[in-house]
Amino acid sequence: MNTLITVRDKMRALYADYSMYIVPVFKFALAMVLFLIINNRMGYMQALSNLFVLIILAAVSAILPLNAMVLIGSMLIVLHCFGLGLEVGAFAMILYLVLVMLYFRFASRDALVLLMGPLACTLNIPAAVPLCLGLMRGPESALSAICSVVSWRFFQLTYAEIAPMKQTSDAGVLEILQEIPRSMFNSSLVLYLIAFAATAIVVSLICRYLTTFTRLTAIIIGSVVFIVIMLAGGRALQTEINTVVVIGGTVVSALIALILNTFFYTVDYAKSKYIQFEDDDYFYYVKAIPKLKTEGTRQEEFFDDDAIDEEPPLTIRPDGTGRIGNEVDFETKLEDSLKDL
Amino acid sequence: MLTKRRLHLMIKLAEFRQDHEDDSMRIVRYYRSDYIALSLIKNLFITTIAWLVLIGLFALYHMDFLLNNLNQLKIGPLAAVLVITYLMMLGVYSVITYMTARIRYIRSFADVREYDQKLRLLARLYDEEAEEEDLA
């Protein structure tokens, strides 16, 4: 245990000093993995199958905010679908647009699940998504988990069923458009939706409301819930479920969630900040390096909070009128000056 | 004259401005009612587009049925169902939009209020230093 704490503290110290380099490298690595898997499974547009294109896209994702990676990854999926067929690409574009319009405009922080769902399910560790969502967010993360299942199911459907159908038969545009939702919304999707939502809700409720349980217990219980729902639900809905893959994948997912929880979710990774500002006399270039304080200590405040509380609130309205405490009343001063005139 | 206290305060203010210029500080430029109204207007357009897309997908999925029974379709009840589904969807999303916009505005206002108080303290520190320099 002490070794883990030592490693974690060293990681915090390293992040505090070199976060400017570490964050882009991690984002680049994650983006490359995501884009390689998308290209590996799809690859219907030759122009995007080039490794250099992926490297450039991953580099762009590394320097932009995290949602840019989601946008680029989604566009990659949509463009590969257009390479497969115009109707498939149009459906992909509409699907992702509808998900953004109906849900992710309220929960933009969780947009990464649109890509993490396909990644986790392709690697046969689907439970990692709801476990991590439950640890990081509240019960509302079940909706994000549901969106990740929809994204994964469409991703899987494209290379597993639609591509062979396009290559082997002369199905028309309308037939393909009717086949996609028919194949997508089946008992397998319903089973995964229930399993993902229930796991995310159970884990988040245990973390939030039951103080006697630790996060480790939440992960274990969440994993058991996922396995039970998948196996029992698979039998009830007569869906083909590989028991060994489900149990093995869930165990690996639980380990991943435990590692992420130990090293990332419960640690305050403060990073160095670069700030610049000026006043009438000087330009200021500041590098703020965080102190690695232990849990339970409070950083000493430099300025006097009591002085702030004694001051009446500042009210500056959007149209520019207002007063600063009780000292200056602009409206009265303006009236007085007009009287003098 | 540079003082440690003033410098620390300026750094905190610049850090807040750098982190919140695109969210909290942008939001509180509106009155609360105006910000919520703007969010509801955006919601109206987005929900209408999403509803049209979903209806289009539904129609495409049932295209065979629609084409075979085009002459038997009753326009009145069909239009009523479409309007009711639209109003229900718009109502639900309007409530969600109102609640999220209100919560966002209240949180942003609290953050910027604290920023204003520190800014006023900085102004007072500048005045005090100017008075000390005059006396000196």
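Everything below is about the structure printed above this text.
Computed from a predicted structure; not experimentally measured.

### Brief notes about the interface of chain B and chain A
Next, step 1: Contacts between the two partners involve 43 residues from chain B, matched on the other side by 34 residues from chain A.
Next, step 2: A combined buried area of about 3500 Å² lies between chain B and chain A, and 68% of that area is made up of carbon and sulfur atoms.
Next, step 3: Residue R6 of chain B is joined to D279 of chain A by a salt bridge in which the shortest nitrogen-to-oxygen separation is 3.6 Å.
Next, step 4: Remark: the boundary between chain B and chain A carries 9 residue pairs in polar contact (both at pLDDT 80 or more).
Next, step 5: For the side of chain B that touches chain A, the secondary-structure elements that each account for two or more residues are α1 (4–20), α3 (32–61), α4 (63–68) and α5 (75–135) of chain B.
Next, step 6: Looking at which element gives the most residues to the side of chain B that touches chain A, the answer is α5 of chain B, with 14 residues.
Next, step 7: Of the residues contributing to the side of chain B that touches chain A, the split by class is 22 nonpolar, 7 polar and 14 charged.

### Topic: the pattern of salt bridges
Here the idea is simple: oppositely charged side chains can pair when their charged atoms come close.
Next, step 1: Inspection of the entire model under this criterion finds 11 salt bridges over all chains.
Next, step 2: In this structure, E87 of chain A and K166 of chain A form a salt bridge, with 2.7 Å as the shortest nitrogen-oxygen distance. In this pair, E87 of chain A is assigned in helix α4 (residues 86–104) and K166 of chain A in helix α7 (residues 141–168), connecting sequence segments 79 residues apart.
Next, step 3: Between K273 of chain A and E15 of chain B there is a salt bridge whose closest N-O contact spans 2.6 Å. Of this pair, K273 of chain A sits in strand β1 (residues 273–278) while E15 of chain B sits in helix α1, each in a different chain.

### Looking at a positive patch on the surface
Next, step 1: A cluster of basic residues, R26, R29, K42 and R104 of chain B, forms a positive patch at the surface.
Next, step 2: Positionally, R29 of chain B belongs in the loop between α2 (24–27) and α3.

### With respect to a nonpolar patch on the surface
Next, step 1: Taken together, the side chains of L14, Y18, M20, Y21 and Y274 of chain A define a hydrophobic patch exposed on the protein surface, amounting to about 560 Å² of accessible area.
Next, step 2: Tallying contributions element by element places helix α1 (residues 2–41) of chain A first for the nonpolar patch, with 4 residues.

### Overview of the nonpolar core
Residue and element names in this part refer to chain A.
Next, step 1: Within the largest apolar cluster, 73 residues are counted, with the highest numbers of intra-cluster contacts made by F35, I38, I77, F104, F154 and F196.
Next, step 2: The leading source of residues in this core is α7, at 10 residues.
Next, step 3: Here I77 is in contact with I38, M42, Y96, L115 and F155, once residues within four sequence places are set aside.

About the thresholds
Residues numbered from 1 in each chain as written. Chains lettered and ligands numbered in written order. Predicted model: local features only at pLDDT ≥ 70, side-chain atom pairs only at ≥ 80, totals over all residues. Heavy atoms only, no water. Contact = heavy atoms within 4.5 Å. Buried area = accessible area lost by both parts, 1.4 Å probe. Salt bridge = Lys/Arg side-chain N within 4 Å of Asp/Glu carboxyl O. Polar contact = N/O pair within 3.5 Å; in protein donor to acceptor, adjacent residues only side chain to side chain. Helix = DSSP H or I, 4+ residues; strand = E, 2+ residues; numbered from the N terminus. Nonpolar A, V, L, I, M, F, W, Y, C, P; charged D, E, K, R; others polar. Patch = residues over 30% accessible without salt bridge, like charges linked within 9 Å, V, L, I, M, F, W, Y side chains within 5 Å. Areas by Shrake-Rupley, 256 points an atom, 1.4 Å probe, with all protein chains shown as cover. Lys, Arg positive; Asp, Glu negative; His and termini not counted. Charge placed at Lys NZ, Arg CZ, Asp CG, Glu CD. Core = buried A, V, L, I, M, F, W, Y, C linked by side-chain atoms within 4.5 Å. Buried < 20%, exposed > 50% of the residue type's maximum accessible area, 1.4 Å probe, protein only.

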